[in-house]
Amino acid sequence: FTIGKLIGTGGMGQVNEAQQHSLDRTVAVKRVRMERRGQASRQAMIREARLVGRLSHPTILPILGLGKDQMEQPVILMPKINGEPWSDLLDREPRDETGMLTPEGLHRNLKILLRITAALGYAHDQGIIHRDIKPENILVGAFGEVCLIDWGVAVELDENGHYQNRQFAGTPAYAAPEMLTANATLSPRSDIYLLGANLHEIITGRRPYLAESLEELIKQSFTDVDLETMPSGKLSEICQKALRVDPTRRYASCEEFSHDLEMFTRAISIEDDLQNARIQLD
């Protein structure tokens, strides 16, 4: 491999473009950042590769290989997606004075969220939760590809479908309350909260909680999102249910969340078709 330009960096790793000479193709390689190198980071990188290596889904970026560099540090080999983070696309979406997307923009972004929800449902079935679902960790390719990336803080659930949270990992602005609590029990419903946080950003153009400090953010996250701060309607109700502080009051699975979201998406598609038909008749 010949290592090329830097594609992106995260809390622990960095991803570079690389040329794989044996197959004459461009790929992406993930390595531990130089300043973070150590035994703990090395083990975390290997664990990430082995967890994601077990997953085979079109919306999960596959692991092509796990090796090591000249410094005996782990290297994860992945396909290179020609696209951009979903966060950049959302930032460019036109919104009205209330922050609402156009009907076309809403439909387009809900479809992306549905793709991510399906991938998570599959991962949950394999006993893995992601813990860091956010627009920055979702790549949208030039030909319609949607990929959920950065599984660096993903964990494996026990036989009861739980994970004992020892310390925080993820992004506080999207995190479920139990993720911010030491020794709390995490489950697939923790990922569903994260899906709700992404849906909130689609609907309103912002994250569920706005705070000037981490302490204030944590305090706010233990209060249910006020439906009155969002546009009324079925989509807001779906979002609020996914964002319940009490995990038992959230959707029980990605399939339940996806069902309601899909029904809403179909409804607005039918409404758009009817509106277009009225315009043509007029």
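The structure we're discussing is the one just above.
Read on for a plain summary of the structure. (Residues numbered from 1 in each chain as written. Predicted model: local features only at pLDDT ≥ 70, side-chain atom pairs only at ≥ 80, totals over all residues. Heavy atoms only, no water.)

This next bit is on the sheet that holds strand S4 (residues 65-68). Read from one edge of the open sheet, five strands run S1-S2-S3-S5-S4, paired in antiparallel fashion. Each edge of the open sheet is held by one strand with a lone partner, namely strand S1 (2-9) and S4. The mean inter-strand angle of the sheet, taken between neighbouring strand axes irrespective of direction, is 30°. By the bridge criterion, four bridges tie S4 to strand S5 (residues 74-79) in an arrangement that is antiparallel. Pairing of Lys68 across the sheet is with Pro74, part of S5. Of the strands in this sheet, strand S2 (13-20), strand S3 (25-32), S4 and S5 are in contact with helix H1 (residues 39-53), which crosses S5 at around 30°. (Pairing = 2+ DSSP bridges. Helix = DSSP H or I, 4+ residues; strand = E, 2+ residues; numbered from the N terminus. Axes fitted to C-alpha atoms, helices over the stretch in contact; angles between N-to-C directions. Contact = heavy atoms within 4.5 Å.)

Examined against the element boundaries, Met179 turns out to sit in the loop between strand S11 (163-164) and strand S12 (185-186). Each C-alpha atom, one on Met179 and one on Asp191, is 9.9 Å from the other, the two residues being twelve residues apart in sequence. Sequence-distant contacts of Met179, that is, excluding residues within four places in its chain, are made with Arg131, Asn165, Phe168, Ala169, Leu186, Ser190 and Leu194.

Along the chain, Asn165 falls in the loop between S11 and S12. We classify Asn165 as buried; its relative accessible area is 1%. A polar side-chain atom of Asn165 sits 3.1 Å from the main-chain carbonyl oxygen of Met179. In this structure Asn165 touches Arg131, Glu178, Met179, Thr181, Ala182, Asn183, Ala184 and Leu186, once residues within four positions along its chain are discounted. (Buried < 20%, exposed > 50% of the residue type's maximum accessible area, 1.4 Å probe, protein only. Polar contact = N/O pair within 3.5 Å; in protein donor to acceptor, adjacent residues only side chain to side chain.)

It is worth spelling out the packing of helix H3 (residues 103-125) against helix H4 (residues 188-204) at this point. Where H3 meets H4, the closest approach of the two axes is 11 Å, and the angle between their N-to-C directions is 170°. Considering the angle they form, H3 stands roughly antiparallel to H4. The segment H3 lies against H4, with Leu106, Asn109, Leu110, Leu113, Ile116, Thr117, Leu120 and His124 engaging Pro188, Asp191, Leu195, Asn198, Leu199 and Ile202. Looking at the contact of H3 with H4 residue by residue, the classes come out as nine nonpolar, four polar and one charged. (Parallel < 35°, antiparallel > 145°, perpendicular 65-115°, else oblique. Nonpolar A, V, L, I, M, F, W, Y, C, P; charged D, E, K, R; others polar.)

Before going further, it helps to spend a moment on the pattern of salt bridges. All told, the structure shown has 15 salt bridges when counted by the stated rule. Here Arg33 and Glu35 are joined by a salt bridge, their closest N and O atoms 2.5 Å apart. On the basis of relative accessible area, Glu35 is assigned to the exposed category, the value being 56%. Here Asp69 ties to Arg37 by a salt bridge, and the two come within 3.5 Å at their closest N and O atoms. Taken together, the positions of Asp69 in the loop between S4 and S5 and Arg37 in the loop between S3 and H1 put the pair 32 residues apart, joining distant regions of the chain. Classification of Asp69 by relative accessible area gives buried; the value is 15%. Overall, Arg37 belongs to the partly exposed group, its relative accessible area being 22%. Taken together, the shared-partner salt bridges in this structure form one network comprising Lys30, Glu48 and Asp150. (Salt bridge = Lys/Arg side-chain N within 4 Å of Asp/Glu carboxyl O.)

The subject of this paragraph is the environment of Thr171. Along the chain, the position of Thr171 falls in the loop between S11 and S12. Spatially, the C-alpha atoms of Thr171 and Asp132 are 6.2 Å apart, while their sequence positions differ by 39 residues. Discounting chain neighbours no more than four positions away, the residues touching Thr171 are Asp132 and Lys134. In terms of polar contacts, Thr171 uses its side chain to reach the side chain of Asp132, at 2.7 Å.

Note on soluble globular proteins: their nonpolar side chains tend to be buried together. With 58 residues, the main nonpolar core has Leu110, Trp151, Leu199 and Phe257 as its most contacted residues. Element by element, the count of residues in this core is highest for H3, at nine residues. In contact with Leu110, other than residues within four places in its own chain, are Leu199, Ile202, Leu235, Leu261, Phe264, Thr265 and Ile268. Judged by nonpolar contacts, the second largest core, of 13 residues, contains Ala49, Leu61, Cys147 and Ile149. (Core = buried A, V, L, I, M, F, W, Y, C linked by side-chain atoms within 4.5 Å.)

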